[in-house]
Amino acid sequence: MLNHDQRLQAARGAVDYITSRDPAEQQVPVPNCPGWTVYNAAVHIGRVSIAWEEMIRAAPDDPESRARGYARSETKPEGSPMQDMASWAHAALDQLENDLDRACYFSMAGGEGTVRLWAWHAASELGIHRLDVESALGHSYAMTQAEALDAITYTCEYFLPAMRRATGRDPGRAQLGFTGSRPAEVITIDSSRDRFVAIEGPPIQVLLALWGRPHDDVVAIDGDADVWAEWRSLPGEAFQFGTWD
């Protein structure tokens, strides 16, 4: 598991990578996110960060902070430059530097979270979008195995349960194993259902799969492969941000 500072460093690195793409790169389509270009990916992380900042500042019993944040993001002018996206994202991450156990509204749990938990979310989601852009541009993945496993743990404990609540669907229990992981790691998505699948693959590829992205070399080694397919489909079914030209 990463510590708080490592998560913030990963989150800031993802922001800087995505928002530093040159004009030609900004127009490249992002196959992992149909309809998006690299510019759209940068817009997404900038605008969602405005909403994050509103929620991070809010009390745990203030669910309207989410709506306020997204309303604020809609006031930003279309066609804003990349440096604006970076500024909006770093402003949210700045809220995560101190008072780590302060309670605040956390959208993935639909209630109470902490500054520390928001940093874990930021590192995981921004890390995914960095993978999206790296894949689109043909760049090598910068994410380390430790960062991937940390993001997978977050995804299984918070992100996918939130997608389960949003869709009302529970695919079943999934046990995730990782090729090349030393010592051997196993991460589980809990479920109240009897259905079960065990899968195995490289950590970054498993992470991409869990967020509904194209992936390679991840296979079901036991149980019902349909459980794995259903988990992978939940993110796209629950929510997909639109583009912003």
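Residues numbered from 1 in each chain as written. Predicted model: local features only at pLDDT ≥ 70, side-chain atom pairs only at ≥ 80, totals over all residues. Heavy atoms only, no water.

Further remarks concern the side chain of D150. The residue D150 is located in helix α7 (residues 145-167) in this model. For D150, a relative accessible area of 3% translates into the label buried. At a separation of 3.1 Å, a polar atom in the side chain of D150 contacts the main-chain amide nitrogen of L2. At a separation of 2.8 Å, a polar atom in the side chain of D150 contacts the side chain of R7. In contact with D150, other than residues within four places in its own chain, are M1, L2, R7 and W120. (Helix = DSSP H or I, 4+ residues; strand = E, 2+ residues; numbered from the N terminus. Buried < 20%, exposed > 50% of the residue type's maximum accessible area, 1.4 Å probe, protein only. Polar contact = N/O pair within 3.5 Å; in protein donor to acceptor, adjacent residues only side chain to side chain. Contact = heavy atoms within 4.5 Å.)

Relative to the elements of secondary structure, V227 occurs in helix α9 (residues 225-238). Classification of V227 as buried rests on a relative accessible area of 0%. For the pair V227 and D170, spaced 57 residues apart in the sequence, the C-alpha separation amounts to 9.1 Å. Apart from residues lying up to four places away in sequence, V227 is in contact with P171, G172, R173, R195, F196 and V197.

In this section: the nonpolar core. Nonpolar side chains in soluble globular proteins generally cluster together in the buried interior. Ranked by size, the top nonpolar core spans 77 residues in total, and within it W52, L126, I152, L176, V206, L210 and W228 carry the most contacts. Dropping the residues within four chain positions of it, I152 is found in contact with L176, F178, I187, P203, V206, L207 and L210. (Core = buried A, V, L, I, M, F, W, Y, C linked by side-chain atoms within 4.5 Å.)

Turning our attention to the pattern of salt bridges. Scanning the entire structure with this criterion turns up 18 salt bridges. Residue E97 pairs with R12 through a salt bridge whose shortest N-O separation is 2.9 Å. Placement of E97 in the loop between α5 (82-94) and β1 (103-106) and of R12 in helix α1 (residues 4-19) is noted, with a sequence separation of 85 residues between them. Take E97: its relative accessible area is 38%, and that puts it in the partly exposed class. Taking the relative accessible area as the measure of exposure, R12 reaches 18% and is therefore buried. Here D99 and R102 are joined by a salt bridge, their closest N and O atoms 3.8 Å apart. Three or more residues joined by partner-sharing salt bridges are found here, namely R169, R195, D224, E230 and E237. (Salt bridge = Lys/Arg side-chain N within 4 Å of Asp/Glu carboxyl O.)

A few words now on unusual backbone geometry. The phi dihedral of D99 is positive, around 55°, even though this residue is not glycine. Checked against the element boundaries, D99 lands in the loop between α5 and β1. Positive phi, normally seen in glycine, also occurs at D217, with a value near 65°. Within the fold, D217 resides in the loop between α8 (203-210) and β6 (219-223). Judged by relative accessible area, which is 61%, D217 ranks as exposed.

In this section: the pairing of strand β3 (residues 173-178). With 6 bridges connecting them, β3 and strand β5 (residues 196-201) associate as parallel partners. When the sheet's bridge partners are listed, G177 is paired in β5 with E200. Note that β3 and strand β4 (residues 186-189) share 4 bridges and pair antiparallel. Opposite A174, over in β4, you have I189 as the bridge partner. (Pairing = 2+ DSSP bridges.)

Position of D132 among the secondary structure elements: in helix α6 (residues 115-137). The class of D132 is buried, set by a relative accessible area of 1%.

If you walk across this open sheet you meet the 4 strands as β4-β3-β5-β6, and the pairing is mixed. Either end of the sheet is taken by a strand with one partner, and the two such strands are β4 and β6. Averaged over all adjacent pairs, the angle separating strand axes in this sheet is 25°, with direction ignored. Across the face of the sheet, α8 comes into contact with β3, β4 and β5 while running at roughly 155° to β3. (Axes fitted to C-alpha atoms, helices over the stretch in contact; angles between N-to-C directions.)

With 13 residues, α5 extends 18 Å from end C-alpha to end C-alpha; this agrees with the ideal 18 Å at 1.5 Å per step. Here the buried face of α5 lies against α1, α2 (23-26), α3 (38-57) and α6. (Expected span 1.5 Å × (residues − 1).)

This next bit is on the packing of α3 against α5. Closest axis-to-axis distance for the α3/α5 pair is 8 Å, and the angle between their directions is 30°. Judged by the inter-axis angle, α3 sits roughly parallel to α5. Where α3 crosses over α5, the two elements pack in a sense that is left-handed. Contact residues: α3 offers Y39, A42, V43, I45, G46, R47, S49, I50, W52, E53 and I56, while α5 offers M82, M85, W88, A89, A91 and A92. Broken down by class, the residue content of the contact of α3 with α5 amounts to 13 nonpolar, 2 polar and 2 charged. (Parallel < 35°, antiparallel > 145°, perpendicular 65-115°, else oblique. Left-handed = near helix turned anticlockwise from the far one by under 90°. Nonpolar A, V, L, I, M, F, W, Y, C, P; charged D, E, K, R; others polar.)

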